[in-house]
Amino acid sequence: MNSDRRSVLGAGLTLSFLGATGLSAQTPPPSAGGALPPGLPQPVEMIDLWPQGAPGMPARAPVEQVAERSTDPLVTDRAVRGIAVPRLSVFRPDRPNGAAVLLIPGGGYRHVVVDKEGYEMARWLAARGFTAFVLFYRLPYDGWAAGPDVCLADAQRAMRVIRSRHADFAIDPERVAAMGFSAGGHLCADLATRFARRVYEPVDAADRLGAKPICAAPVYPVVAMQAPHAHPGSRERLLGASPSAALEAAHSPDRNVPADAPPFFLLHAEDDDVVPVENSLILRAALKEKGIPVETHLFRHGGHGFGLRKAIGKPVAAWPELWREWARGTGLS
């Protein structure tokens, strides 16, 4: 095992860095859920996004906490909050196909749901040759100086760090996609529309690289920041209780689509009772207006937060292969 590949303790959430390589030596609390089910591949690398520490640390640093929400001993469903060390958890395929995917789990901007919308999808991707990076991003209500832009800062930085280390992972730096779920879908769409917006000061050579993904897949995404379609919890935790109209507009991906946005893949269930399907529809309309290629899949049943595990046995279970076929047409694989 070389210095850039270290076992991840504490059910895959422990870090080990080497400053020169961007790996950290800080250890967050272990999973509240105890041991993981046997046989599940776990990440063996964690990459710290900010080697000198995340910028704009609040006066009282967040304390990372991991909550196990699953009651099934064979299935983990961990939610992480208080993230002070933004990072990427890496899943390497046995046979890399040269493409990478930045995975952005949801959690309503309350926490980051690392299993259901992170590690599970990463395993699926790695089994098909993609190098997968699960993003542990900072949460805006923790008081970071960047405010609502703190999540986008981590997503932009993640894209740049992945590209800067493309040789380490045998990937093409131009073939890096983004995929996000729910509030993570909002962050994915924010990244794919505001990739050129300067939301942090450059810290090293990686920040000279682009943050634009080759393609973006917001899955059952939060998009609207205005009634009646906004997800109230995500909106309030991102923007505060009484945001101005200008702040709402600045963080509504449908209102910030540039002419050079990447192709989009949109996926939603029409019976989603948490984030209304109109969120995907308004984003689709905005993309179409700007002439951005967009593929949209709406399923009658599926609810919210189906990911992979809750899609089993339903027509919506076809979505990962639909994404994979679509992604081929974008040049990702």
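Here, the structure is the one placed above.
Residues numbered from 1 in each chain as written. Predicted model: local features only at pLDDT ≥ 70, side-chain atom pairs only at ≥ 80, totals over all residues. Heavy atoms only, no water.

## Quick word on the pattern of salt bridges
Pairing between side chains becomes possible if they bear opposite charge and their charged atoms approach one another.
Reasoning step 1: A full pass over the atoms with the stated rule returns 17 salt bridges.
Reasoning step 2: Of the charged contacts, one joins Asp 168 and Arg 165 as a salt bridge, the two residues approaching to 3.0 Å between their closest N and O atoms.
Reasoning step 3: What makes Asp 168 partly exposed here is its relative accessible area of 38%.
Reasoning step 4: On the basis of relative accessibility, which here comes to 10%, the residue Arg 165 falls in the buried class.
Reasoning step 5: If you follow the salt bridges from partner to partner, you end up with Arg 128, Glu 321 and Arg 324 in one network. (Salt bridge = Lys/Arg side-chain N within 4 Å of Asp/Glu carboxyl O. Buried < 20%, exposed > 50% of the residue type's maximum accessible area, 1.4 Å probe, protein only.)

## Considerations on the sheet that holds strand β7 (residues 131-136)
Reasoning step 1: Reading across the sheet, the eight strands line up as β1-β4-β7-β5-β8-β9-β10-β11 and stay open at both edges, with mixed pairing between neighbours. Looking at strand neighbours, the two that pair on one side only are β1 (45-48) and β11 (294-299), the edges of this open sheet. Neighbour to neighbour, the strand axes of the sheet diverge by 20° on average, direction disregarded.
Reasoning step 2: On the sheet, helix α5 (residues 183-193) packs against β5 (100-104), β7, β8 (176-181), β9 (216-219) and β10 (264-269) and is oriented at approximately 145° with respect to β8.
Reasoning step 3: On the sheet, helix α9 (residues 319-330) packs against β5, β8, β9, β10 and β11 and is oriented at approximately 165° with respect to β10. (Pairing = 2+ DSSP bridges. Helix = DSSP H or I, 4+ residues; strand = E, 2+ residues; numbered from the N terminus. Axes fitted to C-alpha atoms, helices over the stretch in contact; angles between N-to-C directions. Contact = heavy atoms within 4.5 Å.)

## Comments concerning the layout of surface pockets
Reasoning step 1: As a volume, the largest pocket reaches approximately 240 Å³.
Reasoning step 2: Around the largest pocket sit 16 residues that line it, and Gly 107, Gly 108, Val 113, Ser 182 and His 304 are the ones nearest its centre.
Reasoning step 3: Here the residues of the lining of the largest pocket are counted per class, giving two nonpolar, eight polar and six charged.
Reasoning step 4: For the second largest pocket, the calculated volume is near 200 Å³.
Reasoning step 5: Residue lining of the second largest pocket: 13 residues in total, with Pro 41, Phe 91, Arg 92, Pro 93 and Ala 126 positioned closest to the centre.
Reasoning step 6: Elements that contribute at least two residues to the lining of the second largest pocket include exactly β4 (87-91) and α2 (115-126).
Reasoning step 7: Split by residue class, the lining of the second largest pocket holds eight nonpolar, one polar and four charged. (1 Å grid on protein atoms, 1.4 Å probe; cavity = no way out; pocket = protein on both sides within 12 Å on 5 of 7 lines; lining within 4 Å. Points joined across faces, edges and corners; volume = space filled by probe spheres on them. Nonpolar A, V, L, I, M, F, W, Y, C, P; charged D, E, K, R; others polar.)

## Some points on the side chain of His 231
Reasoning step 1: Mapping His 231 onto the fold places it in the loop between β9 and α6 (232-239).
Reasoning step 2: Judged by its relative accessible area of 16%, His 231 is buried.
Reasoning step 3: When sequence neighbours within four positions are dropped, the list of residues in contact with His 231 reads Val 222, Ala 224, Arg 237, Val 274 and Val 275.

## Examining the environment of Trp 124
Reasoning step 1: Inspection of the secondary structure assignment puts Trp 124 in helix α2.
Reasoning step 2: In this structure, the C-alpha to C-alpha distance between Trp 124 and Pro 93, residues 31 residues apart in sequence, is 9.8 Å.
Reasoning step 3: Excluding anything up to four places from it in sequence, Trp 124 contacts Leu 308, Pro 320, Glu 321, Trp 323 and Arg 324.

## Section: the sheet that holds strand β3 (residues 78-81)
Reasoning step 1: One open sheet accounts for three strands, arranged β2-β3-β6; its pairing is antiparallel. With one partner strand each, in any of the chains shown, β2 (65-68) and β6 (112-113) form the two edges of the open sheet.
Reasoning step 2: Pairing of β3 with β6, which is carried by two bridges, proceeds in the antiparallel orientation. The partner of Val 80 across the bridge, within β6, is Val 112.

## Focus: the packing of aromatic side chains
Remark: the centre distance and the inter-plane angle together describe each pair of aromatic rings, the angle taken between the planes.
Reasoning step 1: Summed over the entire model, instances satisfying the criterion amount to nine aromatic pairs.
Reasoning step 2: Geometrically, the ring pair formed by Tyr 109 and Tyr 137 is edge-to-face, given 6.4 Å between the ring centres and 80° between the ring planes. Of this pair, Tyr 109 sits in the loop between β5 and β6 while Tyr 137 sits in the loop between β7 and α3 (150-164); the two residues are 28 residues apart in sequence, bridging distant segments of the chain. Grouping residues by exposure puts Tyr 109 and Tyr 137 together as buried. (Phe/Tyr/Trp six-rings, centres within 6.5 Å; stacked < 30°, edge-to-face > 60°.)

## Remarks on the environment of Leu 209
Reasoning step 1: Checked against the element boundaries, Leu 209 lands in the loop between α5 and β9.
Reasoning step 2: Taking relative accessible area as the criterion, Leu 209 reaches 33% and is therefore assigned partly exposed.
Reasoning step 3: A C-alpha to C-alpha distance of 8.6 Å links Leu 209 and Met 159, two positions 50 residues apart in sequence.

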